[in-house]
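Descriptive analysis of the structure
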Amino acid sequence: MVQLKQQIYAEYIKDRHGLSGEGRLTDFLSRENGQLMLGGRANLNELAQSHGAPLEVVYTPQIATQVERMRAWAEQARAHSEYAGAFLYAYATKANFAAEAVEAALAAGAHYETSAAADVTIAHSLWRQGILPEGRMIFCNGSKEPNYIEAIRDLRTDGCESVVPVLDDLDELRALLTCPAPLQIGVRERAAGNRDGRHPGQDRFGLSATEIEDAAAMIANSRHRLVLYHAMIGSQVEDEAHFLDTLRESVAGYCRMRRRVPSLRYLNFGGGVPTSGYSLGFQFDYAGFLTKLMMVIRDTCAAYDVPMPDLIGEFGRYTVATHSVFLVEVGAVKAGQPGDPDWYLVNSSLMVSLPDSILVEGQEFVIVPLSGWDRPVRPVRLAGRRTCDSDDVYPRPDQPPLMLPDVGEGLVLAICGVGAYQQMISGRGGAHHCLSPEPARVIFSEVAGRLRSRHVPQQDQATIMRLLGYPPEQMAVPLPFERPANQPVLRPLPMIASAARRRMRERVVRMP
Ligand SMILES: *Cc1c(COP(=O)(O)O)cnc(C)c1O
């Protein structure tokens, strides 16, 4: 067997990804003087030092950066393609409903895309407060139960003219037509959903060509207007040529409809725009993609002799995947089976923190060590120590192991790309698998050009117990001092001094 010279981690990163180990690692992560920086300003090494791990670091200025970059690329694309329509950036809030995320996107100028009745309620409240400014568009997608329709009608009758329900079936239209205030309405093209055969599940959304015709006719005979044509091909479309090819037919669909419906003015390509949060070597030419998309629309519109539409993108993952990071610590190293890599056991649950790692085939996240860049690199697998679930591992068993420094216990890892969907799917503030508490979070926001931070403590074990139906006054935990055998001293949780409680957080809670 050939004995390979042991490579250090920094060399490995250089060989594998062409990154020098100082300066830019991704468009949201860099390394300066050996410190890992999120968005250039949040020092993850310092945060791990001062707060310990596990910790979630939420850096909302990254959201503004994402919005601003995309709008700048769209401006370049409009110039290159001589595109006459406007470009509208909407934040698909279902990727992350956290108030700080939604507000950061709105402050950066994003329009709003809703997915549910409660989402419209949030938009309504933000609109009333002026946080969602007058004139900002609110696009309402998805299949709409009566309460979703009701929420849309409430928002419109309250005076918001910029709410646009996008029809998912004709029953929705019947319910909306009776709205006393004139509505701007959109139709969603069902055919776009799984035209490429790669997005099963996506074709359940929207209307067939005939239904679109029917909708247009019904709207024409009402006080409302058809203004928007929606065509979304799927999620995580990383192949630009494929994206464009698949969308081409929908652009023609828009043009045919526009010839008969002069009020039509928006073409909405939905979500699916990729993010840099999932792989260190990620590359996507966003400006090039938008330029080509605009050229396709420009040329198709010319062929059909209709004006170019205002173009809307609904960005979920792209907006928020990269603004948040989990810091987890290796608490123990366990030998792998003979011939297999060792386990790095981390003080967290991977399947709870990163549900997409088990839900989405091949889903990866950028994982970078905070230290040990000068240490030999070794293959390892991560296992979440806070559950006893064989699925609580990363990477998945059929994927190659991670290459990480040979530091073992005490090594802190930044798990990146977790800002979109992960918390929404796992739930936030609830009782999680094996009662793993949610880590503390530090939330950075930019207020008047200055960076502010806020600390939210780790989820309290008593809260979790309460959610599961254990009355707190009956919940008792062993006290942290000696007591006679056979005579356990039990005390209700709320009475325990906070310091003692903090010390006991990691302990098993006993039932009386
Ligand atoms: C989920 C969703 C989006 C956001 O998709 P991403 O891939 O996260 O950008 C946009 N539009 C609609 C209609 C969606 O359902």
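Note that this is a predicted model, so its numbers are computed, not measured.

Bringing the side chain of Thr-319 into the picture now. Mapped onto the elements, Thr-319 comes out in helix α11 (residues 317–320). By relative accessible area, which is 0% here, Thr-319 ends up buried. Within the structure, Thr-319 has its side chain in polar contact with the side chain of Tyr-89 (distance 2.7 Å). Look past the residues within four positions of Thr-319 in its chain and what remains in contact with it is Ile-63, Gln-66, Val-67, Tyr-89, Tyr-91 and Ala-105.

This next bit is on the site of the ligand. Around the ligand, the structure places 14 residues, and the nearest of them are Lys-94, Glu-314, Gly-316, Arg-317 and Tyr-421. At 2.8 Å from an oxygen atom of the ligand is found a side-chain nitrogen or oxygen belonging to Lys-94. Residue Glu-314 places a side-chain N or O atom 2.7 Å away from a nitrogen atom belonging to the ligand. For the ligand, whose accessible area on its own is 390 Å², the fraction buried by protein is 92%. When its residues are assigned to classes, the shell around the ligand shows four nonpolar, five polar and five charged.

Tracing the sequence through the fold places Gln-184 in strand β10 (residues 184–188). Setting aside its immediate chain neighbours within four residues, Gln-184 contacts Met-137, Glu-161, Ser-162, Val-163, Val-164, Pro-165, Arg-225, Val-227 and Tyr-266.

The computed volume of the second largest pocket comes to approximately 500 Å³. In terms of lining residues, the second largest pocket is bounded by 24 residues, among which Tyr-12, Arg-16, His-17, Glu-364 and Leu-402 are the most central. The set of elements that each furnish at least two residues to the lining of the second largest pocket consists of α1 (9–17) and β19 (402–405). Looking at the lining of the second largest pocket element by element, the count peaks at five residues for α1.

Here we take up the pattern of salt bridges. The final tally for this structure, using the stated rule, is 20 salt bridges. In this structure, Arg-78 engages Glu-75 in a salt bridge whose closest nitrogen and oxygen atoms are separated by 3.1 Å. Taken together, the residues Arg-78 and Glu-75, both in helix α3 (residues 61–81) and three residues apart, mark about one turn of the helix. Take Arg-78: its relative accessible area is 21%, and that puts it in the partly exposed class. Residue Glu-75 is classed as partly exposed on the basis of its relative accessible area, which comes to 44%. Between Arg-256 and Glu-249 there is a salt bridge; the shortest N-O distance is 3.4 Å.

On average, residues of the protein score 91 in pLDDT, and 91% of them reach the 70 mark or higher. In this model residues 477–512 is a low-confidence stretch, pLDDT under 50, and it forms 49 contacts with partners more than four residues away in sequence or in other chains.

With 13 residues, helix α5 (residues 117–129) should reach 18 Å at 1.5 Å per residue; the first-to-last C-alpha distance of 19 Å fits that figure. Elements in contact with the buried residues of α5: α4 (99–107), β7 (111–114), β8 (138–140) and α6 (146–157).

Moving on, we get to the packing of aromatic side chains. Summed over the entire model, instances satisfying the criterion amount to 18 aromatic pairs. Ring centres of Phe-269 and Phe-289 lie 6.3 Å apart, and the angle between their planes is 85 degrees; this geometry places the pair in the edge-to-face category. Residue Phe-269 is found in the loop between β12 (266–268) and α10 (286–304), and its partner Phe-289 is found in helix α10; the two are separated by 20 residues along the sequence. As far as the burial class goes, Phe-269 and Phe-289 line up, both buried. Ring plane angle 80 degrees and centroid distance 5.7 Å describe the contact between Tyr-278 and Phe-365, whose orientation is recorded as edge-to-face. On the criterion of sequence distance, the pair formed by Tyr-278 in the loop between β12 and α10 and Phe-365 in the loop between α13 (356–359) and β16 (367–369) is long-range, its members being 87 residues apart. For the pair Tyr-278 and Phe-365, one class covers both residues: buried. Cation over ring: Arg-31 sits above Trp-373, and NZ or CZ is 3.9 Å from the ring centre. Taking NZ or CZ as reference, Lys-144 lies 5.7 Å from the ring centre of Tyr-148, over its face.

You can read the domains of the protein as domain 1 (9–61 + 322–510) and domain 2 (85–315). Between the C-alpha centres of domain 1 and domain 2 there is a distance of 36 Å. Of the roughly 1,700 Å² buried at the junction of domain 1 and domain 2 (both faces included), carbon and sulfur atoms supply 57%. Among the residues domain 1 hides against domain 2, the three largest losses belong to Val-366, Tyr-421 and Met-424. Together they make up 27% of the total. The interface formed by domain 1 and domain 2 holds one salt bridge in total.

Okay, helix α8 (residues 209–220) next. End to end, α8 covers 17 Å across 12 residues, agreeing with the expected 16 Å (1.5 Å per residue, within 8%). What α8 keeps buried is the set Ile-212, Ala-215, Ala-216 and Ile-219. Down the axis, α8 shows its buried residues gathered within 100 degrees of arc, on one side only. For α8, the secondary structure elements touched by its buried residues are β9 (163–167), α7 (170–177), β10, β11 (225–230) and α9 (240–260).

Pairing within the closed barrel is parallel, and its eight strands lie in the order β6-β7-β8-β9-β10-β11-β12-β13. Between one strand axis and the next, the sheet turns through 30 degrees on average, direction left out of account. The sheet contact formed by β7 and β8 spans three bridges and is parallel. The residue of β8 that forms the bridge with Glu-113 is Phe-139.

So, how was this worked out
- Residues numbered from 1 in each chain as written.
- Predicted model: local features only at pLDDT ≥ 70, side-chain atom pairs only at ≥ 80, totals over all residues.
- Heavy atoms only, no water.
- Helix = DSSP H or I, 4+ residues; strand = E, 2+ residues; numbered from the N terminus.
- Buried < 20%, exposed > 50% of the residue type's maximum accessible area, 1.4 Å probe, protein only.
- Polar contact = N/O pair within 3.5 Å; in protein donor to acceptor, adjacent residues only side chain to side chain.
- Contact = heavy atoms within 4.5 Å.
- Near = heavy atom within 4 Å.
- Areas by Shrake-Rupley, 256 points an atom, 1.4 Å probe, with all protein chains shown as cover.
- Nonpolar A, V, L, I, M, F, W, Y, C, P; charged D, E, K, R; others polar.
- 1 Å grid on protein atoms, 1.4 Å probe; cavity = no way out; pocket = protein on both sides within 12 Å on 5 of 7 lines; lining within 4 Å.
- Points joined across faces, edges and corners; volume = space filled by probe spheres on them.
- Salt bridge = Lys/Arg side-chain N within 4 Å of Asp/Glu carboxyl O.
- pLDDT = per-residue confidence, 0-100.
- Expected span 1.5 Å × (residues − 1).
- Phe/Tyr/Trp six-rings, centres within 6.5 Å; stacked < 30°, edge-to-face > 60°.
- Lys NZ or Arg CZ within 6 Å of the ring centre and 35° of its normal.
- Domains from an automatic or database assignment.
- Buried area = accessible area lost by both parts, 1.4 Å probe.
- Arc of directions from axis to C-beta.
- Pairing = 2+ DSSP bridges.
- Axes fitted to C-alpha atoms, helices over the stretch in contact; angles between N-to-C directions.

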